[in-house]
Amino acid sequence: MSNPCVVIEVSDHDQWAPFRGCRRIPDERRPTVLHPSREVAEQEAVRLARAHPERMFAVLEAAIVAANVTVPAYVTLGGQMYGEQRLPRLMQVGEGPDDIPF
């Protein structure tokens, strides 16, 4: 099973406005559909390329998410954990007790 994907039109990506060392995706180019799999997204990219032969479409697959997880805040000299804190963590899509909801 593959991860969810989006398709984005990237023909003129080098002309997108700079933003914090990156490029800002123009509003009219931002994805509006989350495809359930890479295969479905690839089919959509091919359909779009066929309908718009002068344009180029990229398939972006979700691989990593950032989420806060609860971890022990303190450990006693005896090895007992107490207190909790929430810290951000990078996780593979599908990793962890709470599966990503897509």
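The text that follows walks through the structure, step by step, so that each part is easy to find.

The next subject is the packing of aromatic side chains. Counted according to the given criterion, the structure contains one aromatic pair. Note on Tyr-74 and Tyr-82: the rings are 5.4 Å apart at their centroids and 25 degrees apart in plane angle, and the pair reads as stacked. Here the basic side chain of Arg-24 rests over the ring of Phe-19, its NZ or CZ set 3.8 Å away from the ring centre.

All right, on to unusual backbone geometry then. You will see that Arg-20, though not glycine, has its phi angle at about 50 degrees, which is positive. Considering the arrangement of structural elements, one finds Arg-20 in the loop between strand S2 (18-19) and strand S3 (22-23).

Conventions used here
- Residues numbered from 1 in each chain as written.
- Predicted model: local features only at pLDDT ≥ 70, side-chain atom pairs only at ≥ 80, totals over all residues.
- Heavy atoms only, no water.
- Phe/Tyr/Trp six-rings, centres within 6.5 Å; stacked < 30°, edge-to-face > 60°.
- Lys NZ or Arg CZ within 6 Å of the ring centre and 35° of its normal.
- Helix = DSSP H or I, 4+ residues; strand = E, 2+ residues; numbered from the N terminus.

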